[in-house]
Amino acid sequence: MAETSPTSSKPRQTRRESMEEHPPLSSSSVSLTEELQCSVCLDVFSDPVSTPCGHNFCRSCLKQYWDNSHIYSCPMCKETFSKRPDLKINTTLRQVVLHYKEKFSVRRSEVLCDICDERKLKALKSCMMCQTSYCETHLEPHHRVPNLKKHKLMDPVENIKDYICQKHERPLEFFCRDDQTCVCVFCTDGDHKTHNTVPLEEMSEEKKTQLKKTQRDVQQMIQERIKKIQDIKHSAQLRKRSTYEEKAASVEVFSALIRSIERCQTELLEMMDEQQKAAEKQDEDLMKDLEQEITELKRRDSELEQLSHTDHHLHLLQIDSSLYRPPHTKNWSEISMKTDVSVETLRRALTQLQETLDDKLTQTVLKRMQQFAVDVTLDPDTAHPNLIMSEDGKQVRDGDIRHKLPDNPERFNLCVCVLGKEGFSSGRFYFEVQVKGKTEWDLGVARESVNRKGKITLSPQNGFWTVVLRDVINYQACVDPRVSLSLRVSPQKVGVFVDYEEGLVCFYDVENRSHIYCFTGQTFTEKLFPYFSPCPNDEGKNSAPLIISPVHYNK
């Protein structure tokens, strides 16, 4: 046993000397480790590939990253690629990684023989009973001597005392679940006799399983956060693009308005010039008439002057009786002189200008709204049992017959209405509905939690933002109290626009490109769904369907 004694001081001193020959990892080695580390899994590269932007990742990590994303970008610098790059393994980097693993994995796990005197050889096993590590040569007695063959051998470890029970100097072969500590076989018969103990191998496997699960959870958290970064970046790109488009649209709106103002101003000035010329022509004509009358009156005055001095009485009695009366002339007191263009003319011109500008503005705004068109389909699970819908979910009318349908929580059971399938909890959306031929209808949006059973009152307080038609010509905005709408013509197709963040719900007459009504300053906290009611059939008078129409946007 002398040759295997763990108490010899010389091997210990020699081992320390040997450690000086194999120093720990240097700072340059640590730096190399960081350079060869994948930023996704935080481990040394496995089958490294390089992205077009020059960054390196494990092939499996990059594949999983792109499989879970709707865009292809670098996890490191976030550069986006138009299409998924076809990546090849970086063979040069792979050789560097393999060399690194071979070199540093041996150095880190290298345990030296405690018995070798001069050049320390690598230990092959550590003996738990002897508390000593042996190279292949010095381990030989443990394979030959009967007593030594009973010793428990394990893979070489440096701090073998950590694997020995300090109380009984026996190998730590069990784990006490109650005290969460490693124990030897003597401990299981002593202080831990009634405790739940299991072999170290079994507990080690449990810990490995737990660590793997934790690692998977951590990797999942990494992927979720990378995905969140991608979502934020994607949202920022969309917001930037939307802002650019809105700026361009705003410039277009105001440019169109400026052109309209300039055109209307030109037309107004031309009209004023024409009126001025007409007034001047009228003045010239009046002065000519006056000058002619003055000439005629002077001639009459001369005749009368001569007759007033004659002494021929018979002659005075024989002249035309018309000379005894003033000549027939215009009544100039009834003719007023216009010194400027009439105020009424200007008022009419300005009113016409205002109407033109309103029309131009509404047309431009409507075009802008139509860019946010969405594909709306009716949801049969919400439809009142009297309603009949087309197979494509684009038309709905009241059939006057109540069908036997399950009274599920989503279904309206008293009001003949239906919601769209898709709800919206952010952004903007727009859709158009044909109302031609109907005498009554309801249109708008409703929040997800609206009451669907029994009587319904349409108002924002109850979760409805709607405009309705009643009695053929009576248009109303459903606020409390209701607001009557004065429309120049009856809409044949109605556009509905919603800006969720701005709290805006607007209605437009699509064909006449005019504004109907807007709910402003609203606060939305739930999903909003398109809302439709064709209203009762009314013995066929209101049998025409509501039709969700495709939006034709003309730039």
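See the structure above.
Model, not experiment: these values are computed from the prediction.

Caption draft 1: Inspection of the overall build of the protein at higher detail. Check the secondary structure of the protein and you find 10 helices and 23 strands. Relative to its full complement of 555 residues, the protein shows a buried share of 35%. The long-range fraction of contacts in the protein, counting pairs at least 24 apart against all pairs at least 6 apart in sequence, stands at 59%. Accessible area for the protein stands at about 34,800 Å²; split by element, carbon and sulfur atoms hold 51% of it.

Caption draft 2: Structural view of the state of the cysteines. Following the criterion strictly, the structure yields 1 disulfide and no others. Here Cys506 connects covalently by a disulfide to Cys518, the sulfurs 1.9 Å from one another. Given an S-S torsion of about 115°, the disulfide between Cys506 and Cys518 has right-handed geometry. Within this pair, whereas Cys506 is found in strand 20 (residues 504-509), its partner Cys518 is found in strand 21 (residues 514-519), the two being separated by 12 residues in sequence. Look at Cys506 and you get buried, because its relative accessible area is 3%. Distance from the sulfur of Cys415, which forms no disulfide, to the nearest cysteine sulfur (Cys417) is 3.5 Å.

Caption draft 3: Summary view of unusual backbone geometry. Of the consecutive residues Asp480 and Pro481, the connecting peptide bond is found in the cis state with omega at 0°. Looking at where Pro481 falls in the secondary structure, it is placed in the loop between strand 17 (474-477) and strand 18 (483-485). Non-glycine residue Leu42 carries a positive phi angle of around 60°. Tracing the backbone through its elements, the reader meets Leu42 in the loop between helix 2 (27-35) and strand 1 (48-50). On the accessibility criterion, Leu42 (52% relative accessible area) is exposed. Residues other than glycine seldom take positive phi values, yet Lys78 does so here, at roughly 70°. Tracing the backbone through its elements, the reader meets Lys78 in the loop between strand 3 (72-73) and strand 4 (80-81). Judged by relative accessible area, which is 17%, Lys78 ranks as buried.

Definitions and limits used
Residues numbered from 1 in each chain as written. Predicted model: local features only at pLDDT ≥ 70, side-chain atom pairs only at ≥ 80, totals over all residues. Heavy atoms only, no water. Helix = DSSP H or I, 4+ residues; strand = E, 2+ residues; numbered from the N terminus. Buried < 20%, exposed > 50% of the residue type's maximum accessible area, 1.4 Å probe, protein only. Contact = heavy atoms within 4.5 Å. Areas by Shrake-Rupley, 256 points an atom, 1.4 Å probe, with all protein chains shown as cover. Disulfide = S-S within 2.5 Å.

These results come straight from atomic positions and should not be treated as a statement about function.
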